[in-house]
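Summary of the model geometry
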Amino acid sequence: MPDIIKLLPDSLANQIAAGEVVQRPASAVKELLENSVDAEATFVKLIVKDAGKVLIQVIDDGKGMTETDARMSLERHATSKLRTSEDLFSIRTMGFRGEALASMAAVAQLEIKTKQEGQELGSVIIVEASEVKKQEPIACEKGTSISVKNLFYNVPARRNFLKSNGVEMKHIVEEFQRVALANPEIGFSLHQNDMETYNLPAGKLSQRIVHLFGKNYQQQLVACEESIDHIKIKGYVGKPDFAKKTRGEQFFFVNNRFIKSSYLNHAVTNAFQGLISENSFPFYVLFISIDPKHIDINVHPTKTEIKFDDERTAYAVVRAAVKQALATHNITPALDFSA
Ligand code: ADP
Ligand code: MG
């Protein structure tokens, strides 16, 4: 019998891998914004057309790339953020898998313009379905601009699977809000079909919350701070009266990475016990800092799930932080007074 196993060509492997990293326009937005954060940008501009179906562009003033690196950034498993397997346990950057640009390049038309400080010229690269169409020097600003055009144009099943512009835009705004909350010291703007819908100046977390969600949040924020052993919490919760009927404005960040955790959410809800009704959801933006060796963020390519080696302590700190903050503000359950 002849041998039948063959290595997949890179473009096909990338297209398959892309399915995991880039599920919809919002995933591309997340990856691009995080790359700008990792590049130490001070201002990041996000432009979307047709809810990202036609164009997603992220422009930053970060450190840019050399000509060779710009080409290299498109290869799968090519990254400047991870070198040894030990590094995996001390990750401080958002990215490290080296998959995002390769994935986007496989399922869209991608244009990268980038220039480093002090260089006279930068470079532009145009790629379509993993194929480099053009690379040449170009005059541009310091920093990086990456455009993702016609996402999934070559994967009709995926393209057809996209939801209405309203739904896709909602997901994009969600990702934008998460990255903006995690990085208040960086300015961000969002432009939808030529309309500027957010302009967030660099500042403090409380100011970022107000700029994102509204002036009325100002009076509603209660500061939290607590640490137990190797885990630290900082951030804000909304006052109990401010709890909403729908979930949504609830944010956990672990080492600045937005994560979903129903377990930790339970810790917050538990701290609010007796203060809010069962079917309402408190506002919170909580940052957990922990030595990276105590967590595993490599559970899924989108990195929104993480594993703690000591989940119970994480729960305890979150609960204590919120309880303490509410108590300091004299917000205690009515029951306590009758006891
Ligand atoms: P990862 O972020 O996991 O390293 P990506 O595919 O997202 O993988 O990016 C590959 C590499 O391209 C990064 O490691 C980085 O060196 C470079 N890069 C991507 N975006 C930018 C940017 N906006 N500014 C500077 N360098 C970038
Ligand atoms: Mg990345």
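It should be emphasised that the depicted structure is a prediction, and the values quoted were computed from it without experimental measurement. (Residues numbered from 1 in each chain as written. Chains lettered and ligands numbered in written order. Predicted model: local features only at pLDDT ≥ 70, side-chain atom pairs only at ≥ 80, totals over all residues.)

1. A few points about the sheet that holds strand β5 (residues 131-138)
Paired through backbone hydrogen bonds, the strands of a sheet run either parallel or antiparallel to each other. With mixed pairing, eight strands are arranged side by side in an open sheet as β5-β4-β3-β6-β2-β1-β7-β8. Each having just a single partner strand, β5 and β8 (195-200) make up the two edges of the open sheet. For this sheet, the mean inter-axis angle between neighbouring strands, taken without regard to orientation, is 10°. Inspection of the sheet shows strand β2 (residues 55-60) paired to strand β6 (residues 143-149) by six bridges, in the antiparallel sense. Each residue of the ladder has a partner; that of V58, found in β6, is I146. Strand contacts of helix α2 (residues 25-38): β1 (43-49), β2 and β6, with the helix running at about 10° to β2, the strand carrying the most contacts. (Pairing = 2+ DSSP bridges. Helix = DSSP H or I, 4+ residues; strand = E, 2+ residues; numbered from the N terminus. Axes fitted to C-alpha atoms, helices over the stretch in contact; angles between N-to-C directions. Contact = placed C-beta atoms within 7 Å.)

2. A closer look at unusual backbone geometry
In this structure, S130 takes a positive phi of about 70° despite not being glycine. On the secondary structure map, S130 appears in the loop between β4 (122-128) and β5. In this structure, N255 takes a positive phi of about 45° despite not being glycine. Assignment of secondary structure puts N255 in the loop between β11 (250-254) and β12 (257-259). Note on N255: 19 C-beta atoms within 10 Å, which makes it partly exposed. (Buried ≥ 20, exposed ≤ 12 C-beta atoms within 10 Å, placed from the backbone.)

3. Overview of the packing of α2 against helix α6 (residues 165-182)
Two numbers describe how α2 lies on α6: the axes approach to 8 Å, and their chain directions differ by 20°. Here α2 lies roughly parallel to α6, going by the angle between them. For the crossing formed where α2 meets α6, the hand is right-handed. Residue-level inspection shows P25, A26, V29, K30, L33, E34 and V37 of α2 in contact with α6, the latter providing E168, H171, I172, E174, E175, F176 and V179. Split by residue class, the contact of α2 with α6 holds eight nonpolar, one polar and five charged. (Parallel < 35°, antiparallel > 145°, perpendicular 65-115°, else oblique. Left-handed = near helix turned anticlockwise from the far one by under 90°. Nonpolar A, V, L, I, M, F, W, Y, C, P; charged D, E, K, R; others polar.)

4. Comments concerning the domain arrangement of the chain
In terms of domains, the chain is made up of domain 1 (10-200) and domain 2 (215-338). Contacts between the two partners involve 13 residues from domain 1, matched on the other side by twelve residues from domain 2. For the side of domain 1 that touches domain 2, the leading source of residues is α6, giving three residues. In terms of residue class, the side of domain 1 that touches domain 2 is built from seven nonpolar, two polar and four charged. (Domains from an automatic or database assignment.)

5. Considerations on the sheet that holds strand β10 (residues 231-238)
The mixed open sheet is built from five strands, whose spatial order is β9-β10-β13-β11-β12. Both edges of this open sheet fall to β9 (221-228) and β12, since each of them pairs with a single strand only. On average, adjacent strands in this sheet sit at an angle of 20° to one another, irrespective of strand direction. In this sheet, strand β13 (residues 284-290) lies alongside β11 in parallel orientation, the contact comprising five bridges. Bridge assignment links Q250 to a residue of β13, and that residue is Y284. Strand contacts of α6: β11, β12 and β13, with the helix running at about 55° to β11, the strand carrying the most contacts.

6. Comments concerning α2
In this model, α2 (14 residues) spans 20 Å end to end at C-alpha, consistent with the 20 Å of a helix rising 1.5 Å per residue. Within α2, 13 of the 14 residues are buried, which leaves it mostly tucked inside the rest of the structure. Looking at the residues trailing α2, positive phi occurs at E40, about 60°. (Expected span 1.5 Å × (residues − 1).)

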